[in-house]
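Read off the chains here:
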Amino acid sequence: MLNQIKGLHHVTSMASDARRNNEFFTKKLGLRRVKKTVNFDAPDVYHLYYADEVGTPGSVMTYFPFPDIAKGRHGVGEVGTTVFSVPEGTLAYWEKRFADEGVGNVARTEAFGEKRLTFTGPDGDSFALVEDKADSRAPWVKGGVPGDEAIRGFHSVSLRLKDGGATEELLKFMGYEEVDKSGNVRRLAIKNGNGADVVDIESLPGAGFANLGAGSVHHVAFAVEDRAKQLEVRKALVDTGYGVTPVIDRDYFWAIYFRTPGGVLFEVSTNEPGFDRDEDTAHLGEALKLPSQHQHLRPYLEQHLQKLED
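Rules used in this analysis
- Residues numbered from 1 in each chain as written.
- Predicted model: local features only at pLDDT ≥ 70, side-chain atom pairs only at ≥ 80, totals over all residues.
- Heavy atoms only, no water.
- Helix = DSSP H or I, 4+ residues; strand = E, 2+ residues; numbered from the N terminus.
- Rg over C-alpha atoms; globule rule 2.2 N^0.38 Å.
- Buried < 20%, exposed > 50% of the residue type's maximum accessible area, 1.4 Å probe, protein only.
- Areas by Shrake-Rupley, 256 points an atom, 1.4 Å probe, with all protein chains shown as cover.
- Pairing = 2+ DSSP bridges.
- Axes fitted to C-alpha atoms, helices over the stretch in contact; angles between N-to-C directions.
- Contact = heavy atoms within 4.5 Å.
- Phe/Tyr/Trp six-rings, centres within 6.5 Å; stacked < 30°, edge-to-face > 60°.
- UniProt positions renumbered as here; feature names shortened; annotations may be inferred.
- Core = buried A, V, L, I, M, F, W, Y, C linked by side-chain atoms within 4.5 Å.

### Examining the overall build of the protein chain
So, step 1. In terms of regular secondary structure, the protein chain is built from five helices and 16 strands.
So, step 2. Relative to the compact-globule value of 19 Å for 310 residues, the protein chain shows a C-alpha radius of gyration of 18 Å, a close match.
So, step 3. A total of 310 residues make up the protein chain; the buried ones form 55% of that total.
So, step 4. In the form shown here, the protein chain has an accessible surface area of approximately 13,100 Å², with 48% of it arising from carbon and sulfur atoms.

This is the structure in structure tokens:
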């Protein structure tokens, strides 16, 4: 069993409109845009990062907004719901805020003894807020949401799978332990993590497969401290039979990718070097930052990428 993984690092999803996506996360959810860059493989498309003040691993929601991309179809083989942590007793605040802001499909639920508020994003993305009184992570407090109510980071992700057994074994190999179960959902958690410690596996044998598009999660990333730990994880996964990519430099972290038995794309990302490698903390997410291989495109991109509100 591995011991290098310390919880979630980031979740990356697809969107259809950059401006609407930016407005939702910075104005309605009150997160900070910590990086405005482009997709490495499609540089005419933004890669936007939203998080706490500094982009702490375990708080980072990222998006590829492809203009006019078809809407995704939810089903099995995907991350179902991305769940954020908020302080105990704050769901009433968020319920009112969402009503005022026109956020869709808001509903109170409870799972595993936790009060939660489910809602959808601009492209039908599935989200929830969970009250977690034990979460001591510091929030971003300049996004229009008071610090006592603000999002702390991720609480968990849920995976929708035809059969969760093989993916559950993979997560246990990655250092997770089963801590609870309810109906067709098994909850796994990592000890001594970064606060974003939980993965729920929902088994839906009769459901159809998901189709990637706007509102879909592209991949979920897990955090390791540094490149040495990442290489240890990569070797262990390869030795177990997984087809893992070489290490890829993503400017703000190094990444490896592999497909899980249930079809979800996993990434393992380093906590280093962080989002302040090319901007000081006070000005994260303000300027358009380009990977070195795309710097020559700057004049074109600055003219053609959709303008975003700060």
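From this point, the narrative continues.
### With respect to the sheet that holds strand S5 (residues 78-86)
So, step 1. Pairing is mixed in the open sheet, where eight strands are placed in the order S6-S7-S8-S5-S9-S12-S11-S10. In this open sheet, the two strands that pair with only one neighbour each are strand S6 (104-111) and strand S10 (176-182). Between one strand axis and the next, the sheet turns by 25° as a mean value, whatever way the strands run.
So, step 2. Bridge analysis of strand S11 (residues 185-190) against strand S12 (residues 198-203) gives five bridges, and the strand direction is antiparallel. Pairing of Ala 189 across the sheet is with Val 198, part of S12.
So, step 3. Relative to the sheet, helix H2 (residues 91-101) contacts S5, S6, strand S7 (114-120) and strand S8 (126-131), its axis offset from that of S7 by approximately 15°.

### Re the sheet that holds strand S1 (residues 8-15)
So, step 1. Ordered by their spatial adjacency, eight strands build an open sheet running S2-S3-S4-S1-S13-S16-S15-S14, and the pairing between neighbours is mixed. Lying at the two open borders of the sheet, with one neighbouring strand each, are strand S2 (32-38) and strand S14 (248-249).

### So, the packing of aromatic side chains
So, step 1. Scanning the entire structure with this criterion turns up 18 aromatic pairs.
So, step 2. Taking the centre distance of 6.0 Å and the plane angle of 80° together, the rings of Tyr 176 and Phe 222 count as edge-to-face. Remark: Phe 222 occurs in strand S13 (residues 217-224) and Tyr 176 occurs in strand S10; sequence separation between them is 46 residues.
So, step 3. Judged by its relative accessible area of 1%, Tyr 176 is buried.
So, step 4. The class for Phe 222 is buried, based on a relative accessible area of 1%.

### Quick notes on the environment of Val 145
So, step 1. As for its placement among the helices and strands, Val 145 is situated in the loop between S8 and strand S9 (153-161).
So, step 2. Between the C-alpha atom of Val 145 and that of Glu 88, which follows or precedes it by 57 residues, the distance is 15 Å.
So, step 3. Residues contacting Val 145, with those up to four places away along its chain left out, are Leu 29, Gly 30, Tyr 93, Trp 94, Arg 97, Trp 140 and Ala 150.

### Remarks on the side chain of Asn 21
So, step 1. Within the secondary structure layout, Asn 21 lies in helix H1 (residues 18-28).
So, step 2. You can call Asn 21 buried: its relative accessible area is 2%.
So, step 3. Once residues within four sequence positions are removed from consideration, Asn 21 is found in contact with Ala 15, Leu 48, Tyr 50 and Tyr 63.

### Quick notes on the pairing of S12
So, step 1. Where S9 lies against S12, six bridges are found, and the strand directions are parallel. The partner of Arg 160 across the bridge, within S12, is Glu 202.

### Describing the UniProt feature "domain: VOC" (unreviewed entry) in the protein chain
So, step 1. Under the UniProt annotation, the feature "domain: VOC" (unreviewed entry) is placed at residues 7-132 and 153-271.
So, step 2. For the annotated span residues 7-132, helix accounts for 17% and strand for 45% of the residues, and the straight-line distance between the end C-alpha atoms is 16 Å.
So, step 3. The annotated region residues 153-271 carries 19% helix and 44% strand content, and the separation between its end C-alpha atoms amounts to 15 Å.

### Re the nonpolar core
In a soluble, globular protein the nonpolar side chains are often hidden away together inside.
So, step 1. Core analysis: the biggest nonpolar cluster contains 62 residues, and Leu 29, Leu 129, Leu 159, Leu 171, Phe 222 and Phe 266 have the highest contact counts within it.
So, step 2. Contact partners of Leu 129, with chain neighbours within four places excluded, come to Phe 84, Val 86, Leu 91, Trp 94, Phe 98, Lys 115, Arg 116, Leu 117, Phe 119 and Ile 151.
So, step 3. If you look at the next biggest cluster of nonpolar residues, it comprises eleven residues, including Ala 255, Leu 265, Phe 275 and Leu 284.

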